[in-house]
Amino acid sequence: MNNVLQRYEEAKVCYSKYNIDLESCLKKLKKIRISINCWQGDDIRGFENNGNNLSGGIDVTGNYPGVPRNPEELRSDLEVALKQIPGNHKINLHAIYAESNGEKIERNKIVPELFDNWINWAKSNNLGLDFNPTLFSHPLADNGTLSSIDNSIRDFWIEHCISCRKIGEYIGKKLNDQCLTNIWIPDGSKDIPADRLGPRKRLKKSLDEIFSINLNPKYIIDSVESKLFGIGLESYTVGSHEFYMNYTNGKSVLYLLDAGHFHPTEYISDKISSMLLFKDKLALHVSRPVRWDSDHVIILNDELNEISKEIVRNNAIDKVLIGLDFFDASINRVAALVIGTRNMLKSLLLALLMPNDYLVELEEKKDFTSRLAIMEELKTFPFGDVWNYYCHISNVPLESEWLNIIKKYEEDVFLKRK
Ligand SMILES: C[C@H](O)[C@H](O)[C@@H](O)C(=O)CO
Ligand SMILES: [Mn+2]
């Protein structure tokens, strides 16, 4: 352990060359809460037990052993993951994670009490919770939801979203926190539509109805998530980027940018500053698209670093609500959560450890040579020593020590689940 402290002291000297104060960077990092998507834990199955397959143009591939069979198992898996992740965070839930003790409750009839177990668990683990209505994996979601031409289907999903917003507010109240409640719909068309406007008009009308219910902003923040395409919905998506960017303009509803919901060469990191110029807050789903919206576990790649730099540089730590959205069933699901969340935090730490003001100064002086030289030099600064120190003071394993813990859990628990 002395080694960790000694290396941290040496790193301090290195970073002080650029007037970077490690203590204050770590203080800032500690305050950042990541909203960790529970659905990586069980391949977005949820606990409705109604035999519905995953739908909505999203897909989870892989068949790794150990899928949790009930909410208790999912929560204990999440607890194991959380013990490997420094800081205090939030867990992001979907409506399909309601606990109804086997009773069949239609989605438009779900009530806040179905989430009491999650809320009590969150309280005892010092966690926040975020929430999402689930407008997929349901027979009434096969041909449009909030944009459906069928009024009874539209009404069903409007009721579901209103119930979910009330659940979000209830969660926030119980935890004395704000619960981000995000609406994503899969509505779209496999082939070229004859009418692009009609479904969008209906979506707008549905959203207006959903958001006409006033709830306490102390406890709930609303957001809407845009998308480009889904599997089987390749030609048209009703809730596109332009639709939601315009819809949220001037409203208290936040826009949610998902890293996998744009063209493959388009990056959300470049969109953050523009969005923040026109809105006080922005929500993110940090994901990793590989050729399509594949939702791979996030790695410490250029785009992740760029997203974090935009958050840090623009003084937007309190303005950007960072959520994760990946689901990979080809690897240990708990390890996936640990790898992804630790990477999110690592990228934020890397961004905090940059002389951001100095780099802007160089840019304004048009000294692009020094700007590039310093950006590149910083890549080999002893970032790992600062990260290890942060893990050490946060009482979580250093480097890949956590992997042995997860492997042991896999042997003791996952392999025994049938
Ligand atoms: C399960 C999530 O809500 C879903 O992934 C959504 O956020 C999305 O990104 C769909 O592509
Ligand atoms: Mn998403």
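As recorded in an unreviewed UniProt entry, the chain goes by L-rhamnose isomerase and comes from Miniphocaeibacter halophilus.

Novice: So, the packing of helix 2 (residues 22-31) against helix 13 (residues 383-393): which residues are in play, and what are the values?
Specialist: In the contact formed by helix 2 and helix 13, the axes pass within 11 Å of each other and the chain directions differ by 55°. Between helix 2 and helix 13, the interaxial angle falls into the category oblique. Here helix 2 and helix 13 pass one another in a crossing that is right-handed. Contacts from Leu22, Glu23, Leu26, Leu29 and Lys30 in helix 2 reach Val386, Tyr389 and Tyr390 in helix 13.

Novice: Describe the side chain of Thr145, listing the residues and the values that go with them.
Specialist: If you trace the backbone, Thr145 turns up in the loop between strand 3 (128-132) and helix 5 (151-175). Residue class for Thr145 comes out buried when judged on its relative accessible area of 0%.

Novice: I'd like to hear about the pairing of strand 9 (residues 282-286), residue by residue, with values.
Specialist: Across the five residues that make up strand 9, a large majority, five, are buried. The two faces of strand 9 match: Leu282, Leu284 and Val286 on one face and Ala283 and His285 on the other face are all buried. A crossover connection joins strand 8 (residues 254-258) to the parallel strand 9 through helix 8 (residues 269-278); in handedness this β-α-β unit is right-handed. Bridge count for strand 9 against strand 12 (residues 320-324) is five bridges, and the pairing is parallel. Its bridge partner being in strand 12, Leu284 is matched across the sheet by Ile322.

Novice: Provide a residue-level description of the site of ligand 1, including the pertinent values.
Specialist: Around ligand 1 sit 13 residues in total, of which His94, Glu225, Lys227, His261 and Asp325 are the nearest. Take Lys227: an N or O atom from its side chain is 2.7 Å from an oxygen atom of ligand 1. For the shell around ligand 1, the residue count by class is five nonpolar, three polar and five charged.

Novice: Kindly report on the coordination of the manganese ion (ligand 2), identifying the contributing residues and their values.
Specialist: For the manganese ion (ligand 2), the protein coordination sphere consists of Glu225 (OE), Asp258 (OD), His285 (ND1) and Asp325 (OD), at 2.1 to 2.2 Å. Angles of 71 to 169° at the metal separate the six donor atoms of the manganese ion (ligand 2), which places the site in the octahedral class. Positions of the donor residues of the manganese ion (ligand 2), expressed as sequence spacing, correspond to E-x32-D-x26-H-x39-D. A residue pair is termed long-range when its members are at least 10 positions apart, and Asp258 in strand 8 and Asp325 in the loop between strand 12 and helix 10 (333-352) qualify at 67 residues. Among the residues examined, Asp258 registers a relative accessible area of 0% and is labelled buried.

Novice: Residues and numbers for helix 5, please.
Specialist: The terminal C-alpha atoms of helix 5, which comprises 25 residues, lie 36 Å apart, in line with the 36 Å expected from a rise of 1.5 Å per residue. Of all 25 residues in helix 5, 18 are buried; the element is thus mostly enclosed. One or two steps after helix 5, the chain reaches Asn176, where phi turns positive at roughly 50°.

Novice: Summarise helix 6 (residues 197-211); cite the residues concerned and give the values.
Specialist: In a regular helix each residue adds 1.5 Å, so 15 residues correspond to 21 Å; helix 6 covers 21 Å between its end C-alpha atoms and thus fits that length. Listed as buried for helix 6 are Gly198, Pro199, Leu203, Ser206, Leu207, Ile210 and Phe211.

Novice: Go over the packing of aromatic side chains, please, and point to the residues and values.
Specialist: Scanning all chains against the criterion turns up 14 aromatic pairs. When the ring of Phe47 is compared with that of Tyr97, the centres are 5.6 Å apart and the planes differ by 85°; the resulting orientation is edge-to-face. Pair noted here: Phe47 is in the loop between strand 1 (35-37) and helix 3 (71-82) and Tyr97 is in the loop between strand 2 (90-94) and helix 4 (116-124), with a separation of 50 residues, a long-range link. For the pair Phe47 and Tyr97, one class covers both residues: buried.

Cut-offs used in this document
Residues numbered from 1 in each chain as written. Chains lettered and ligands numbered in written order. Predicted model: local features only at pLDDT ≥ 70, side-chain atom pairs only at ≥ 80, totals over all residues. Heavy atoms only, no water. Axes fitted to C-alpha atoms, helices over the stretch in contact; angles between N-to-C directions. Helix = DSSP H or I, 4+ residues; strand = E, 2+ residues; numbered from the N terminus. Parallel < 35°, antiparallel > 145°, perpendicular 65-115°, else oblique. Left-handed = near helix turned anticlockwise from the far one by under 90°. Contact = heavy atoms within 4.5 Å. Buried < 20%, exposed > 50% of the residue type's maximum accessible area, 1.4 Å probe, protein only. Right-handed = clockwise from strand over helix to strand, strands pointing away. Pairing = 2+ DSSP bridges. Near = heavy atom within 4 Å. Polar contact = N/O pair within 3.5 Å; in protein donor to acceptor, adjacent residues only side chain to side chain. Nonpolar A, V, L, I, M, F, W, Y, C, P; charged D, E, K, R; others polar. Donors = N, O, S within 2.8 Å, 3.2 Å for Na, K, Ca; no water. Tetrahedral: all angles 85-135°; square planar, octahedral: opposite > 155°, others 65-115°. Expected span 1.5 Å × (residues − 1). Phe/Tyr/Trp six-rings, centres within 6.5 Å; stacked < 30°, edge-to-face > 60°.

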